[in-house]
Amino acid sequence: MKNVSGNSILVFLLWLCTGCTSVNQETTTQAQQGVIASRGMVVSAHPEASKIGLAILQKGGNAYDAAVATEFALAVAYPRAGNIGGGGFLVYRLSTGQTGTLDYREKAPNAASRDMYLDAQGNLQAGLSTLGHLGVGVPGTVDGMVTMHQKLGKLPWADVVQPAIDLAARGVILTEREARGLNAAQQEFQQANKHTSHLINTTGWQAGDTLRLNDLARTLTRIRDKGRAGFYEGETADLIVREMKKGKGLMTHQDLKEYKSVWREPIKGNYKEYTIISMPPPSSGGIALVQLLQLIEPYDVKGWGWQAPNTVHVIVEAERRVYADRAAHLGDPDFYKVPMKGLLSSSYLKQRMAAFAMDRATPSAQVKAGEPQKESDQTTHYSIVDQWGNAASVTTTLNGNYGSKVVVEGAGFLLNNEMDDFSAKPGVPNMFGLVGGEANAIAPGKRMLSSMTPTIVEKDGQLFLVVGTPGGSTIITSVFQTIVNVLEHGMGMQEAVAAPRFHHQWLPDRIDHEPKALSTQTREILKSLGHQLQERAPYGAVEGILRLPNGKLEGGADSRGDDTALGY
Ligand code: GLY
């Protein structure tokens, strides 16, 4: 699909709108999507968070100052995934071209053990890793923000934390979607908490209601004043440990004190004239994304066209093989020797498609993980580019919607249920249907495998695209298909993030597709090749920034949510 003229008109109108009026800091609460700006751009899942990030850019902050402010604002305004009780990943590219990543993923508490979710017969006990205190990993977000800011930030720490404190003290006006999300989780909030919390509303939340966040405002104030110690020590740490004890949680003061985020070398790979810069393990995202792009590179995806039967078939067969590798070979590199070079070597990838046939699906039962040479639903993403061309691509998570549903009493924030991202029992699927084995088994202090894929793409050595999304196991394929939409199908950023998607993850052996992702004819042809298909509700929330040929930035905010692009 070439850039459709209707879309170009839409982008032009939005450009007129955002280019002619300065963003009103007091009143911008509506989602804005498909925005073009000259200097800087913030795209996130919530209008208040994008507004706060943009204000930091306009004040002279750089992309990393804006990232800290946006992350804390999401913790206030977007409780389903924005967090200080979870973790995430940053991929950055400085205007000088220097790149890097920061891993602030949660860790298993020291008292965690391999079979902690199994009963005496060795069966997985449903719900233990997803609802309540036992599913909580040691949070990394606050350490991540402090660490990012110390190395890359420009404005004073207090200046980038303060806007989230002000927002929490003011309260957040609920959107229709957030009210629905909170209502859907009410029963689980009651189950997971012994106290009543600011998220519980027995008569039901409505759009326009104000969420009051005074405890969170006080916690953020301690973080503003004491940095890392405002969370991992003192009053906040005491409140977390007290909360853990109420529900048989494992986290201790020692776990909190020991938490450290880690700078890691990015995964880099080429696709035609583009360089992909993405997250290494403990995320599977970067390796899987580069594998996917290189597996489809020899095929004429552009000539076949967007969502044409051949295009979908090749993409699905690549996805099937890559997710089989993910299950067997990927885990925390500090605990398991991930064969990174082997998984990305061109001879290995060539051999992975050896049994591929254009005229039939390969059943997943016949696709095992390869043998690379050994050298060894809810999350949120924001993309930021500043006036100097520095870029931040950040995906952050509590894992499930509202994480473990446990609110730390007196501290006003939700804790993650990231322990479910471990493989609790080999071959048994987690909440995203993903299976795994030894590489991702639970161990004390280990980071659970992630699918988060914050990514930056360079074209001819210059910043080109900043992109990422939530969506559990679908994160990798959503980022992959959005990149292919831009690189091969000539779409602009807004069109590429809004385009309907499909997903295959090896097991279950099935193509899940959004409504309207595949035409009736494409579906019939795919079935005749032997593919199973299943329609599912829309998923993901891709937030992207594309540098246009004229140097301007196009912000694409996913129209599946309240996601908002704001630029200046
Ligand atoms: N919790 C989702 C992920 O990290 O993949």
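Quantities reported herein were computed from a predicted structural model and do not represent experimental measurements.

Student: Let's hear about empty space enclosed by the protein: which residues, and what values?
Tutor: Approximately 260 Å³ is the volume attributed to the largest cavity. Looking at the largest cavity, it is lined by 30 residues, and the ones nearest its centre are Asp 420, Asp 421, Asn 430, Leu 434 and Leu 449. Grouping the amino acids of the lining of the largest cavity by side-chain chemistry returns 12 nonpolar, 12 polar and six charged. Of the volumes computed, that of the second largest cavity is approximately 90 Å³. In terms of lining, the second largest cavity is formed by 13 residues, of which the most central are Ala 75, Pro 79, Gly 412, Phe 413 and Leu 414.

Student: Now, about the pattern of salt bridges: what can you tell me, with residues and values included?
Tutor: Summed over the entire model, instances satisfying the criterion amount to 31 salt bridges. The shortest N-O distance in the salt bridge between Glu 418 and Arg 105 comes to 3.2 Å. Like Arg 105, Glu 418 is buried. Close ionic contact of Arg 224 with Asp 225 constitutes a salt bridge, the shortest N to O distance being 2.7 Å. Exposure remark for Arg 224: the relative accessible area of 23% places this residue in the partly exposed category.

Student: Hey, could you go over the site of the ligand for me, with residue numbers and the actual values?
Tutor: Within the structure, the ligand sits among Arg 105, Thr 379, Thr 397, Asn 399, Glu 418, Asp 421, Ser 450, Ser 451 and Met 452. For the ligand, a nitrogen atom lies 2.7 Å from a polar atom in the side chain of Asp 421. In the model, an oxygen atom of the ligand is placed 2.7 Å from a nitrogen or oxygen of the Ser 450 side chain. Burial of the ligand by the surrounding chains reaches 99%, relative to a free accessible area of 200 Å². For the shell around the ligand, the class distribution of residues is one nonpolar, five polar and three charged.

Student: Break down the pairing of strand S2 (residues 41–44) for me, with residues and values.
Tutor: A two-sided burial pattern is seen for S2, the buried positions comprising Met 41 and Val 43 on one face and Val 42 and Ser 44 on the other. When S2 meets strand S10 (residues 379–385), the two strands line up antiparallel, connected through three bridges. Looking at the pairing, Val 43 lines up with Ser 383 of S10. Pairing geometry for S2 and strand S19 (residues 564–567), over four bridges, is antiparallel.

Student: Kindly report on the environment of Gly 555, identifying the contributing residues and their values.
Tutor: By secondary structure assignment, the location of Gly 555 is in strand S18 (residues 553–557). For the pair Gly 555 and Gly 403, spaced 152 residues apart in the sequence, the C-alpha separation amounts to 28 Å. If sequence neighbours within four positions are ignored, Gly 555 has contacts with Gly 34, Val 35, Met 41, Val 43, Met 493, Gln 494, Gly 544 and Ala 565.

Student: Tell me about the side chain of Asp 562, residues and numbers included.
Tutor: Among the secondary structure elements, Asp 562 is positioned in the loop between S18 and S19. Within polar-contact distance, the side chain of Asp 562 engages the side chain of Arg 177 at 2.7 Å. Asp 562 has contacts with Ala 31, Gln 33, Ala 45, His 46, Pro 47, Thr 175 and Arg 177, leaving out every residue within four places of it along the chain.

Student: Residues and numbers for the sheet that holds strand S1 (residues 35–37), please.
Tutor: With antiparallel pairing, the seven strands of this open sheet are ordered in space as S1-S18-S17-S13-S12-S9-S8. Strands at the two margins of the open sheet, each flanked by one partner only, are S1 and strand S8 (267–271). Ignoring which end each strand starts from, the neighbouring axes of this sheet average 20° apart. Pairing analysis gives five bridges linking strand S12 (residues 455–459) to strand S13 (residues 462–468), with the strands arranged antiparallel. Bridged to Lys 459 within S13 is Gln 462. Its contacts with the sheet put helix H12 (residues 285–296) on S8, strand S9 (274–278) and S12, and the angle it makes with S8 is roughly 15°. Sitting on the sheet, helix H17 (residues 475–487) is in contact with S8, S9, S12, S13 and strand S17 (543–547), with an inclination near 140° to S13.

Student: Could you give an account of unusual backbone geometry, naming the residues involved and the relevant values?
Tutor: Cis geometry marks the peptide bond from Pro 281 to Pro 282, where omega comes out at 20°. For Pro 282, the position within the fold is in the loop between S9 and H12. The omega torsion of the bond from Leu 507 to Pro 508 falls at -5°, within 30 degrees of zero and hence cis. Structurally, the position occupied by Pro 508 is in the loop between strand S14 (502–503) and strand S15 (511–513). Unlike most non-glycine residues, Lys 405 shows phi in positive territory, near 75°. Note on placement: Lys 405 falls in the loop between strand S11 (391–397) and S12.

Thresholds, definitions, all that
Residues numbered from 1 in each chain as written. Predicted model: local features only at pLDDT ≥ 70, side-chain atom pairs only at ≥ 80, totals over all residues. Heavy atoms only, no water. 1 Å grid on protein atoms, 1.4 Å probe; cavity = no way out; pocket = protein on both sides within 12 Å on 5 of 7 lines; lining within 4 Å. Points joined across faces, edges and corners; volume = space filled by probe spheres on them. Nonpolar A, V, L, I, M, F, W, Y, C, P; charged D, E, K, R; others polar. Salt bridge = Lys/Arg side-chain N within 4 Å of Asp/Glu carboxyl O. Buried < 20%, exposed > 50% of the residue type's maximum accessible area, 1.4 Å probe, protein only. Near = heavy atom within 4 Å. Polar contact = N/O pair within 3.5 Å; in protein donor to acceptor, adjacent residues only side chain to side chain. Areas by Shrake-Rupley, 256 points an atom, 1.4 Å probe, with all protein chains shown as cover. Helix = DSSP H or I, 4+ residues; strand = E, 2+ residues; numbered from the N terminus. Pairing = 2+ DSSP bridges. Contact = heavy atoms within 4.5 Å. Axes fitted to C-alpha atoms, helices over the stretch in contact; angles between N-to-C directions.

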